[in-house]
Amino acid sequence: MATRKSAVRSGKKGGASKGVNRPAPRTEKTPRGSGAKATVSGRKAIPKAEASPSSAKDVGAKRSAPLAAYNAKRDFALTREPAGTVPRARGATLHFVIQKHSASHLHFDFRLELDGVMKSWAVPKGPSLDPSVKRLAMEVEDHPISYNTFEGTIPQGEYGGGTVLLWDRGTYEADEDGDIAALRSGLERGDLKIVLNGKRLRGAFMLRRMNRPGRAQWLLIKRDDEFADASRDIVAEFTTSVASRRTMESIAKGNNVWSSKD
Ligand code: MN
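Definitions and cut-offs
- Residues numbered from 1 in each chain as written.
- Predicted model: local features only at pLDDT ≥ 70, side-chain atom pairs only at ≥ 80, totals over all residues.
- Helix = DSSP H or I, 4+ residues; strand = E, 2+ residues; numbered from the N terminus.
- Buried ≥ 20, exposed ≤ 12 C-beta atoms within 10 Å, placed from the backbone.
- Contact = placed C-beta atoms within 7 Å.
- Core = buried A, V, L, I, M, F, W, Y, C linked by C-beta atoms within 7 Å.
- Pairing = 2+ DSSP bridges.
- pLDDT = per-residue confidence, 0-100.

## Looking at the overall build of the chain
Thinking step 1. If you tally the helices and strands in the chain, you get eight helices and nine strands.
Thinking step 2. Within the chain, the fraction of its 262 residues that count as buried is 24%.
Thinking step 3. Residue pairs in contact within the chain that sit at least 24 positions apart in sequence constitute 56% of those at least 6 positions apart.

Encoded structure:
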């Protein structure tokens, strides 16, 4: 964020003036048009050059910019969740993940990879295989792709404090032969049609944004296909982790392994 950036910059300046260049302020006070002109303009050019986005730090800031909201909510000294940065472009395969999360209210975090981040929704009741069931999905901040392997506990008192279980994961694509442009426009229009290829969820789903004020609320709906099944309660059926086979209870009790290799 701009405030953060400027704080860092002014901090750097303060550090520099404390150190080596004691005479610098005097030089800056020299009136324009004096004999010291060339030196002054030379010195002034330096900060401008520093502001150009060529240094590694600036590149890092750019890569984390889309996840600024995610990073601002978390203290990475206290939580084991990954810090948010956007990786360089990867292959064409897009991933999805669903994390069961017992925070202040139990919900399922539904995340779809797009443009280097995980677009995220909190679904209080979790997904359904019944096309007549519409599940509320509250849009939340984009998450880093590295979050896809997170399973464990977030300390109480921290943002999202509670247990996180990897409930499902896999790949997904745009429905109806759509491409990545279809995903982007679907997200923008609030009418996103996708096909999931997970371990537990398969087939066509849609996310439809409701026309309501405030935080964006969507509906997650199974579309009718061979994977639709109104007789099953998939959330009750599967209560263990797809990564570690642990239950919420066993994850909460300890052994909070960071299973990035799973
Ligand atoms: Mn959550």
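Now that the structure has been shown, the text picks up again.
## Quick notes on the nonpolar core
Thinking step 1. In terms of nonpolar packing, the biggest core is built from 35 residues, with Phe110, Trp121, Val123, Ala137, Ile194, Leu196 and Leu220 touching the most fellow members.
Thinking step 2. Those elements that place two or more of their residues in this core are strand 1 (94-102), strand 2 (106-114), strand 3 (117-123), strand 4 (134-144), strand 6 (162-174), strand 7 (191-198), strand 8 (202-209) and strand 9 (217-222).
Thinking step 3. At five residues, strand 6 tops the list of elements feeding residues into this core.

## Describing the pairing of strand 2
Thinking step 1. Counted residue by residue, strand 2 has seven buried out of nine residues, so it is predominantly covered.
Thinking step 2. By the bridge criterion, seven bridges tie strand 1 to strand 2 in an arrangement that is antiparallel. Each residue of the ladder has a partner; that of Val97, found in strand 2, is Arg111.
Thinking step 3. Counted along the chain from strand 1 to the antiparallel partner strand 2, the turn is three residues long.
Thinking step 4. Bridge count for strand 2 against strand 3 is seven bridges, and the pairing is antiparallel. Bridged to Phe108 within strand 3 is Val123.
Thinking step 5. If you look at the hairpin formed by strand 2 and strand 3, you'll find two residues sitting between the two strands, and Asp115 has a positive phi there, around 55°.

## Some remarks on the environment of Arg111
Thinking step 1. Tracing the backbone shows Arg111 in strand 2.
Thinking step 2. Classification of Arg111 by C-beta neighbours within 10 Å gives buried; the count is 22.
Thinking step 3. When sequence neighbours within four positions are dropped, the list of residues in contact with Arg111 reads Phe96, Val97, Met118, Lys119, Ser120 and His143.

## Focus on the environment of Ala228
Thinking step 1. Mapped onto the secondary structure, Ala228 falls in the loop between strand 9 and helix 7 (234-237).
Thinking step 2. Under the C-beta neighbour-count criterion, Ala228 is labelled partly exposed, with 18 such atoms within 10 Å.
Thinking step 3. It is 9.8 Å that separates the C-alpha atoms of Ala228 and Leu201, two residues lying 27 residues apart in sequence.
Thinking step 4. Excluding residues that lie within four positions of it along the chain, Ala228 makes contacts with Leu129, Pro131, Gly203 and Lys222.

## Remarks on the confidence of the model for the chain
Thinking step 1. Model confidence for the chain is summarised by a mean pLDDT of 81, while 74% of its residues fall at 70 or above.
Thinking step 2. Across residues 1-56 the pLDDT falls below 50, and counting only partners more than four positions away or on other chains, this stretch makes 14 contacts in the model.
Thinking step 3. Considering only residues more than four positions removed or in separate chains, one finds that residues 256-262, a stretch of pLDDT under 50, has 14 contacts.

## Observations concerning the environment of Ala68
Thinking step 1. Take Ala68: it is sitting in helix 5 (residues 68-72).
Thinking step 2. Measuring from C-alpha to C-alpha, the distance between Ala68 and Thr85 comes to 9.0 Å, with 17 residues separating the pair along the chain.

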